[in-house]
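Residues per chain are reported as follows:
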Amino acid sequence: MGPGEPCPEIVIRPSSDADVAAMIAIYEHHIGKGVGDTGDFEEERLLPDDLKRRRKTMRKKRLPHLVAERNGEVAGYAYAVPFRKRPAYRYTLKHSIYVHHGHLQAGIGRRLLPALIEACAAGGYRQMIGYIDAANEASLRLHETCGFRRVGYLPSVGYKYGRWTDSVMVQCALGTGSEDQPQPRMVRPVAEPSGEV
């Protein structure tokens, strides 16, 4: 199996409180050591209780919070949150995805991101937005492979590691996208994958 090819032992599943420490370690590596997958610029540490609270809020809203497990180890995670709070944007989500630095080029992102897209589409959402650090070519390629297109470029919107950074806004239609009218009711609960994808 060559670099970048998906590994069969990757399991995509809903995250649990038991995964919090591993997710924080992945997040802190990306934020503290290099280019984050989504261009996050948090300077305060993400604490376990904060992440548990975020997960609880997302579960209440029936939004997916997934992990990729490889050989029993959390190798990445992804989630989606409302793009904006106003009701007009209720069919659009913003997502984040992080892959453990020790599992890069193992196909984690190519399994995790499609699973997130599928779960959100199954919930009746119609669009997914992401913001990616313009220097993160690997993440940009992953998103394009998964059906995202570049819809905006935001120069010098972030400042980290002593320099200004640019962000690329990407967008992917979910389900039928804007081809038809959504159901009159709010979006359906998101169906999360229950095991291997």
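Nothing here was measured: the structure is a model prediction, and the numbers come from that model.

What counts and how
Residues numbered from 1 in each chain as written. Predicted model: local features only at pLDDT ≥ 70, side-chain atom pairs only at ≥ 80, totals over all residues. Heavy atoms only, no water. Helix = DSSP H or I, 4+ residues; strand = E, 2+ residues; numbered from the N terminus. Contact = heavy atoms within 4.5 Å. Phe/Tyr/Trp six-rings, centres within 6.5 Å; stacked < 30°, edge-to-face > 60°. Lys NZ or Arg CZ within 6 Å of the ring centre and 35° of its normal. 1 Å grid on protein atoms, 1.4 Å probe; cavity = no way out; pocket = protein on both sides within 12 Å on 5 of 7 lines; lining within 4 Å. Points joined across faces, edges and corners; volume = space filled by probe spheres on them. Nonpolar A, V, L, I, M, F, W, Y, C, P; charged D, E, K, R; others polar. Salt bridge = Lys/Arg side-chain N within 4 Å of Asp/Glu carboxyl O. pLDDT = per-residue confidence, 0-100. Buried < 20%, exposed > 50% of the residue type's maximum accessible area, 1.4 Å probe, protein only.

Draft legend 1. Spotlight on the side chain of histidine 143. Take histidine 143: it is sitting in helix α4 (residues 137-145). Residue contacts for histidine 143: discarding those within four places in its chain leaves His95, Ile97, Leu113, Ile132, Phe148 and Val170.

Draft legend 2. Structural context of the packing of aromatic side chains. With the rule as written, the count across this model stands at 5 aromatic pairs. Taken together through their ring pairs, the aromatic side chains of Tyr27, Tyr77, Tyr79 and Tyr98 make up a single cluster. Over the ring of tyrosine 89 we find arginine 84; its NZ or CZ atom is 5.3 Å from the centre of that ring.

Draft legend 3. Structural detail: empty space enclosed by the protein. For the coordinates displayed, the defined rule picks out 1 cavity of 30 Å³ or more. Its volume calculated, the largest cavity comes out at about 40 Å³. Along the walls of the largest cavity sit Tyr27, Leu46, Leu51, Arg54, His65, Tyr77 and Tyr79, which together make up its complete lining. Secondary-structure elements contributing two or more residues to the lining of the largest cavity are α2 (48-60) and β3 (73-82). Residue composition of the lining of the largest cavity, grouped by class: 5 nonpolar, 1 polar and 1 charged.

Draft legend 4. Spatial organisation of the environment of histidine 30. Following the sequence through the fold, histidine 30 ends up in helix α1 (residues 20-33). Separated by 71 residues in the primary sequence, histidine 30 and histidine 101 place their C-alpha atoms 7.9 Å from one another.

Draft legend 5. Fine view of the pattern of salt bridges. On inspection of all chains with the given rule, the structure shows 8 salt bridges. A single salt-bridge network, built from bridges that share partners, covers Arg13, Asp19 and Glu69.

Draft legend 6. The arrangement of the confidence of the model for the protein chain in detail. The pLDDT averaged across the protein chain works out to 86; a share of 83% of its residues lies at or above 70. Low pLDDT, under 50, characterises residues 35-41; the stretch is placed with 36 contacts to residues that sit more than four places away or in other chains.

Draft legend 7. Examining the environment of serine 139 more closely. Among the secondary structure elements, serine 139 is positioned in helix α4. Residue class for serine 139 comes out buried when judged on its relative accessible area of 5%.

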